[in-house]
Amino acid sequence: MGQNLGAWVTLLSLAVIVLLAILAVRRTQAKLLWRLRNRLIVTYVFIGVIPVILLGVLAAGSFYLFAGQFATFIVTTGLESELSTLDATTSATATGSWPSYG
C-alpha cells in the first residue's frame, strides 16, 4: 500500500509541476504581450496623432502670421488714405485755392 501512495504522490506532483509551468508561461506571455501592446499604442500615437497635432499647430501659426500681414496691410492703407487727404488739404491751404461749392 505504501508503494501505491508514493506513485500517486509522484504522479500528482508531476501534474502540479506541469500545471504551474503552463500557468507561468501564460502569465509571462500575457506580460510580454502587454508590453508589446503598450509599445504598439505608443507607436500608433507617434505615427497617427502627433502629425495631426503638428499640422494643426502649423496651420494655426500660418493663420496667425497671415492675420498679422493682413492687419498691417489694412492699417497701412488707412494711413496712406489719411496722408493723401492731409496732403491735399495742406496743398489747398498753402495755395489758397479752396474749392468753391456753389
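Look up: the structure comes first, before these words.
These remarks concern the structure in this document. The structure presented is a predicted model; accordingly, all values stated were derived computationally and were not measured.

Analysis parameters
Residues numbered from 1 in each chain as written. Predicted model: local features only at pLDDT ≥ 70, side-chain atom pairs only at ≥ 80, totals over all residues. Heavy atoms only, no water. Phe/Tyr/Trp six-rings, centres within 6.5 Å; stacked < 30°, edge-to-face > 60°. Helix = DSSP H or I, 4+ residues; strand = E, 2+ residues; numbered from the N terminus. Patch = residues over 30% accessible without salt bridge, like charges linked within 9 Å, V, L, I, M, F, W, Y side chains within 5 Å. Areas by Shrake-Rupley, 256 points an atom, 1.4 Å probe, with all protein chains shown as cover. Salt bridge = Lys/Arg side-chain N within 4 Å of Asp/Glu carboxyl O. Buried < 20%, exposed > 50% of the residue type's maximum accessible area, 1.4 Å probe, protein only.

What follows covers the packing of aromatic side chains. All chains considered together, the criterion is met by one aromatic pair. On the basis of an interplanar angle of 15° and a centroid distance of 6.4 Å, the ring pair of Phe66 and Phe70 is categorised as stacked. On the criterion of helical spacing, the pair formed by Phe66 and Phe70 is a turn pair, its members being four residues apart in helix 1 (residues 2-95).

Here we come to the environment of Tyr44. Along the polypeptide, Tyr44 turns up in helix 1. Taking the C-alpha atoms as reference points, Tyr44 and Leu79, separated by 35 residues in sequence, lie 52 Å from one another.

Side chains of Ile41, Val45, Val49, Ile53 and Val57 sit close together on the surface and give an oily, nonpolar patch of about 410 Å² of accessible area. Examined against the element boundaries, Val49 turns out to sit in helix 1. Relative accessible area serves as the criterion here: at 42%, Val49 is assigned to the partly exposed category.

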